Amino acid sequence: VRDLPCRELRLAGWESPTSVALRSLALSVGPQIQRRDVSRTGTTFDCLTVVTARFHRLTAVDLSFCRLINDSCVAAIVGSAAKSLTALDLSGCNRVTDDALGWVAGTVGPADRVGCKHLLSLRAAQCPTIRDRAMWHLARGVCKRLRFLDLSFSAEITDVGLEGLAEGCPRLQVLDLDGCRHIS
């Protein structure tokens, strides 16, 4: 498997990935992988930390609807792939909060935090714990290249949270707020 020129790893729907299986994959193809899809899996923080150590050139990560993904998981991905990440999907991750977007934007974490300054697309749709503070992080962070932001059906977003977003993310072209009922 080591000699495969694999650039994308799709594990979507794998209900219970184990650290042993993921470690084997990471050792085999980790350094070459640029896109990783683990959507709708039972990925845990332990499993994620096993593989993030080997995935340094990730450009896209899909964690959508992973019920166990939380802020610590997002911090681990940012710590591993901040310099290369251009697309991140956290849609439906019920345990992800404003702080996760702070890690992405580089406004949360240690003093030497980097953030994802090359990020072009961020999906955080259907995240019930994303609030206005997440918008503050994005507006004041390093995501100045962000072009696409999906916050649809994230019910706690309000006008207050969106006020600084246009100034802080000057290249934003698509802002999906479908189903955000506190936006006037």
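Reading guide: rules and limits
Residues numbered from 1 in each chain as written. Predicted model: local features only at pLDDT ≥ 70, side-chain atom pairs only at ≥ 80, totals over all residues. Heavy atoms only, no water. Helix = DSSP H or I, 4+ residues; strand = E, 2+ residues; numbered from the N terminus. Buried < 20%, exposed > 50% of the residue type's maximum accessible area, 1.4 Å probe, protein only. Patch = residues over 30% accessible without salt bridge, like charges linked within 9 Å, V, L, I, M, F, W, Y side chains within 5 Å. Areas by Shrake-Rupley, 256 points an atom, 1.4 Å probe, with all protein chains shown as cover. Salt bridge = Lys/Arg side-chain N within 4 Å of Asp/Glu carboxyl O. Lys, Arg positive; Asp, Glu negative; His and termini not counted. Charge placed at Lys NZ, Arg CZ, Asp CG, Glu CD. Contact = heavy atoms within 4.5 Å. pLDDT = per-residue confidence, 0-100. Pairing = 2+ DSSP bridges. Axes fitted to C-alpha atoms, helices over the stretch in contact; angles between N-to-C directions.

### Observations regarding unusual backbone geometry
For step 1, the next point in the chain: Positive phi, normally seen in glycine, also occurs at Gln126, with a value near 55 degrees.
For step 2, the next point in the chain: Along the chain, Gln126 falls in the loop between strand 5 (121-123) and helix 5 (132-140).
For step 3, the next point in the chain: A positive phi angle is found at Phe153, which is not glycine, with a value near 60 degrees.
For step 4, the next point in the chain: A relative accessible area of 45% places Phe153 in the partly exposed class.

### Focus: a positive patch on the surface
For step 1, the next point in the chain: Taken together, the side chains of Lys83, Lys117, Arg145, Arg147 and Arg171 make up a positively charged region of the molecular surface.
For step 2, the next point in the chain: Within the element layout of this structure, Arg147 appears in the loop between helix 5 and strand 6 (148-150).

### Describing helix 5
For step 1, the next point in the chain: The set of residues buried in helix 5 consists of Ala134, Met135, His137, Leu138 and Ala139.
For step 2, the next point in the chain: Against helix 4 (98-105), strand 5, strand 6, helix 6 (159-162) and helix 7 (165-168) lie the buried residues of helix 5.

### Brief notes about the confidence of the model for the protein chain
For step 1, the next point in the chain: A residue-level look at the protein chain finds 94% of positions with pLDDT of 70 or above and a mean pLDDT of 86.
For step 2, the next point in the chain: Ranking the elements of the protein chain by mean pLDDT puts helix 2 (residues 45-52) last, at 71, and strand 5 first, at 98.

### Some words on the sheet that holds strand 4 (residues 87-89)
As a general point, the strands of a sheet are linked pairwise by backbone hydrogen bonds and lie either parallel or antiparallel.
For step 1, the next point in the chain: The parallel open sheet is built from 7 strands, whose spatial order is 1-2-3-4-5-6-7. Both edges of this open sheet fall to strand 1 (8-10) and strand 7 (174-176), since each of them pairs with a single strand only. Between one strand and the next, the sheet's axes are offset by a mean angle of 0 degrees, whatever the strand orientation.
For step 2, the next point in the chain: The sheet contact formed by strand 2 (residues 35-37) and strand 3 (residues 60-62) spans 3 bridges and is parallel. Opposite Arg35, over in strand 3, you have Ala60 as the bridge partner.

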